[in-house]
Amino acid sequence: MTRSSPTEVTGYRNDGVGTAVALVNAVTTDGDASPGALGALLASYNFKVGEPVTDDEAEALRHWARLLRPVFAEADEEGAIDLLNAVMGEVPMHPHISDHGLGPHLHYGPPGAGLVDRVRANTAVGLAFVICEHGAGRLGVCQDTGCERVYADISRGPRKRYCSKTCLNRATVAAFRARQAVTPT
């Protein structure tokens, strides 16, 4: 999986947008939302997980993912903004510059925030940057039949409508076959 640079969207050292997508997909579609899997997922997006994710933290992360999903599914930009503003209102945020060996960078959660609050703050801010810089149309649910995974498109090129190249290819082949079925040979 190719990820954009975390600094392309938020300037932070982890990828809040990618984390939001992966977390929502792990919890609401086909992923493993166990504490161990969530810890590994967060670590893969450069969150300092430290201790194993507890059952309580995992449940809080699952709840957060379910709150974020409607932001991806909302087709109307105003509606997406309202949804994201509502979930951001639930997040303790205290933006501050930190330098703990990674160079100066912004933290969005309060100093000393726990894992769940850091994830919530970074995913909310990451999605807010996407909406502000690219528009809510860059967030969505995969258009492939039967796929419910979400995506965030922060690319410069054409806007995507699929969560992966696999879904894009499957939809393209299905459309080709459908056209061939109605075209007499």
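Residues numbered from 1 in each chain as written. Predicted model: local features only at pLDDT ≥ 70, side-chain atom pairs only at ≥ 80, totals over all residues. Heavy atoms only, no water.

## A look at the environment of T145
The line we're drawing: Each helix is a run of DSSP H or I of at least 4 residues and each strand a run of E of at least 2, with the numbering of both proceeding from the N terminus. In this scheme, a residue with accessible area under 20% of its type's maximum is buried, one over 50% is exposed, and one in between is partly exposed, where area comes from a 1.4 Å probe on protein chains only.
Within the secondary structure layout, T145 lies in the loop between strand 3 (139-141) and strand 4 (150-152). Under the relative-accessibility criterion, T145 is labelled exposed at 76%. Along the chain, T145 and R170 lie 25 residues apart, while their C-alpha atoms are 9.1 Å from each other.

## Focus: the environment of T28
What counts here: Only heavy atoms enter the contact rule, under which two residues are in contact if any of them lie within 4.5 Å. Between N or O atoms, a polar contact is any pair within 3.5 Å; within protein, one atom must be a potential hydrogen donor and the other a potential acceptor, and residues adjacent in sequence are included only when both atoms are from side chains.
As for its position among the elements, T28 is in helix 2 (residues 16-28). With a relative accessible area of 28%, T28 lands in the partly exposed category. Separated by 37 residues in the primary sequence, T28 and A65 place their C-alpha atoms 7.5 Å from one another. T28 has contacts with A65, R66 and R69, leaving out every residue within four places of it along the chain. A polar contact of 2.6 Å, which involves the side chain of T28, links it to the backbone oxygen of V24.

## Quick look at the state of the cysteines
To be explicit about the condition: Cysteine sulfur atoms are paired as a disulfide whenever they fall within 2.5 Å.
Tallied over the entire structure, the rule returns zero disulfides. The thiol of C167 is unpaired, and the distance to the nearest cysteine sulfur, on C163, comes to 3.7 Å. According to the relative accessible area criterion, C167 is buried, its value standing at 4%.

## Topic: the packing of helix 3 (residues 35-44) against helix 4 (residues 55-73)
Stated formally: Every axis corresponds to a line fitted to the C-alpha atoms, with the helix fit spanning only the stretch in contact, and the corresponding angles, defined between N-to-C directions, vary from 0 to 180 degrees. Here the angle decides the label: under 35 degrees means roughly parallel, over 145 means roughly antiparallel, 65 to 115 means roughly perpendicular, and every other value means oblique. For a crossing to be left-handed, the near helix must be turned anticlockwise from the far one by less than a right angle; the clockwise case is right-handed. For this scheme, ten residues count as nonpolar: Ala, Val, Leu, Ile, Met, Phe, Trp, Tyr, Cys and Pro. Four count as charged, namely Asp, Glu, Lys and Arg, and the remainder, Gly too, count as polar.
Taken N-terminus to C-terminus, the directions of helix 3 and helix 4 make an angle of 65°; their axes are 9 Å apart at the nearest point. As summarised for this structure, helix 3 and helix 4 are arranged roughly perpendicular, according to the angle between their axes. Pair helix 3 / helix 4 crosses with left-handed handedness. Between helix 3, through P35, L38 and L42, and helix 4, the contact on the second element is made entirely by D55, A58, L61 and R62. When grouped by side-chain class, the residues that make up the contact of helix 3 with helix 4 number five nonpolar, no polar and two charged.

## A closer look at the side chain of S98
Relative to the helices and strands, S98 resides in strand 1 (residues 96-98). Owing to a relative accessible area of 15%, S98 belongs among the buried residues under this scheme.

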